[in-house]
Amino acid sequence: MDKFWVVTLFHFQPTEAERSKIEKTAFENFRSLGIEEYSLNEAEVDSLLGERSYSGGDLPAEVLEEVEATVLGRPGNYRYFFDSEETARAFKQAVSAFALCECQSEEKTVEDWNAEWKKHYSPIRVNDQLEIIPSWLGNHPSTSTHRILINPGMGFGTGSHETTYLCLKLFTENISSTLVSTVLDFGSGSGILGLTALKFFPESRVDFYDIDLEANKNCYQNAEINGLSNSAFRLLLPDYRSELLEKYDVVFANILESILFQEKVPLIAHIKNGGLLILSGLLRHQVPGIITAYSESGVTLKSQVEKGDWAALLFYKALA
């Protein structure tokens, strides 16, 4: 794909319900490649941080809280990415019908995309055990035990979004000390979750499952740059869903709320007794419904973490 299209909603302050509706519309109805949200421009960031010097994920917690407090409750800009002009135009028309904001569509080239990724992404330190580093910053000195290099594909996940970060936090703080032999990364995108599992458990077997061939290509590329291309993993598309293992020690599903409801039964069925399930892609107001639905279907909530408006859940499937 040589070109892509961006629809931007300017100075927009949606309710959680409105934002959820727009996100669902973008992904389910118009196959959006990804979403970017921002509230601060470069001048505001410079003014807020002053002469303090930080790099990416090295921001101290108190500084992050200061930034979050600054942007909380203020209008922001939302960018939605698409692979065709027709789809972008249709999405813009659909959203304009109920979103009270300025809406603009523009054409970009892949070179523009790559430049944008490199401008906005820095190393992200999850904790002492894991740091996510853009592939072009491979020489970045890390103080974490493990590091994952990621070459961002269009909308496939880099660790910067809250949902991916929260999944990694749950994994490293709850699972990394447990023996893991099989992992399912359901809706794998860039493969960042499953690749992290392979970093912690090199002898494990990981199945990456996604509906998008381009996502699987991006996943394989990331396996290569992390020296994991010879590890035991498979890249599966829907036509090969029957090839999934019957049971896994760990199942990741960082996807939309509607798909989590739709896939609840098979996701739970794929967990071994004594195994763990990490769910994300959830706004805070969506969490109670997911907890109730999954808790009534055979798993127990073990941990819940939140960052900004987003949340991730860790469930346990009891031993028989």
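Residues numbered from 1 in each chain as written. Predicted model: local features only at pLDDT ≥ 70, side-chain atom pairs only at ≥ 80, totals over all residues. Heavy atoms only, no water.

Participant: I keep staring at the sheet that holds strand β12 (residues 271-283) and nothing clicks. Help me out?
Facilitator: Sheets are built from strands paired through backbone hydrogen bonds, the pairs being either parallel or antiparallel. Strand order in the open sheet formed by 7 strands is β10-β9-β8-β11-β12-β14-β13, and the pairing between neighbours is mixed. Of all strands in the sheet, those with a lone pairing partner are β10 (232-236) and β13 (300-307), marking the two edges. For this sheet, the mean inter-axis angle between neighbouring strands, taken without regard to orientation, is 15 degrees. Judged from the 5 bridges that link them, strand β9 (residues 205-209) and β10 form a sheet pairing that is parallel. Looking at the pairing, F208 lines up with L235 of β10. Helix α6 (residues 162-174) contacts β11 (248-254), β12, β13 and β14 (310-316) of the sheet and is inclined by roughly 35 degrees relative to β14. (Pairing = 2+ DSSP bridges. Helix = DSSP H or I, 4+ residues; strand = E, 2+ residues; numbered from the N terminus. Axes fitted to C-alpha atoms, helices over the stretch in contact; angles between N-to-C directions. Contact = heavy atoms within 4.5 Å.)

Participant: What am I meant to see in the nonpolar core here?
Facilitator: The nonpolar side chains of a soluble globular protein tend to be buried with one another. Counting 37 residues, the largest nonpolar core has I132, F171, I175 and I278 as its most contacted members. The next biggest cluster of nonpolar side chains, apart from the first, holds 25 residues, and it includes Y209, A253, V287 and Y294. (Core = buried A, V, L, I, M, F, W, Y, C linked by side-chain atoms within 4.5 Å. Buried < 20%, exposed > 50% of the residue type's maximum accessible area, 1.4 Å probe, protein only.)

Participant: Just checking my understanding: could you explain the environment of F200 for this structure?
Facilitator: Tracing the sequence through the fold places F200 in helix α7 (residues 192-200). With 71 residues separating them along the chain, F200 and Q129 place their C-alpha atoms 9.4 Å apart.

Participant: Help me understand the pattern of salt bridges in this model?
Facilitator: A side chain of one charge can pair with a side chain of the opposite charge if their charged atoms are brought near each other. Counted according to the given criterion, the structure contains 11 salt bridges. Residue E107 pairs with K3 through a salt bridge whose shortest N-O separation is 3.2 Å. Of this pair, E107 sits in strand β4 (residues 102-109) while K3 sits in strand β1 (residues 3-12); the two residues are 104 residues apart in sequence, bridging distant segments of the chain. The class of E107 is partly exposed, set by a relative accessible area of 44%. You can call K3 partly exposed: its relative accessible area is 39%. Note that R284 and E306 form a salt bridge whose closest N and O atoms lie 3.3 Å from each other. In this pair, R284 sits in the loop between β12 and α11 (287-295) while E306 sits in strand β13, placing the two residues 22 residues apart along the sequence. (Salt bridge = Lys/Arg side-chain N within 4 Å of Asp/Glu carboxyl O.)

Participant: When you look at the environment of S231 in this model, what are you seeing that I'm missing?
Facilitator: Along the polypeptide, S231 turns up in the loop between α8 (213-225) and β10. Distance in space between the C-alpha atoms of S231 and L195 is 9.8 Å, their sequence separation being 36 residues.

Participant: Looking at this structure, how should I read the side chain of S303?
Facilitator: When you line up the elements, S303 lands in strand β13. Once residues lying within four places of it in the same chain are set aside, the contact partners of S303 are L170, A312, L313 and L314.

Function cannot be inferred from these measures alone, as they are strictly geometric.
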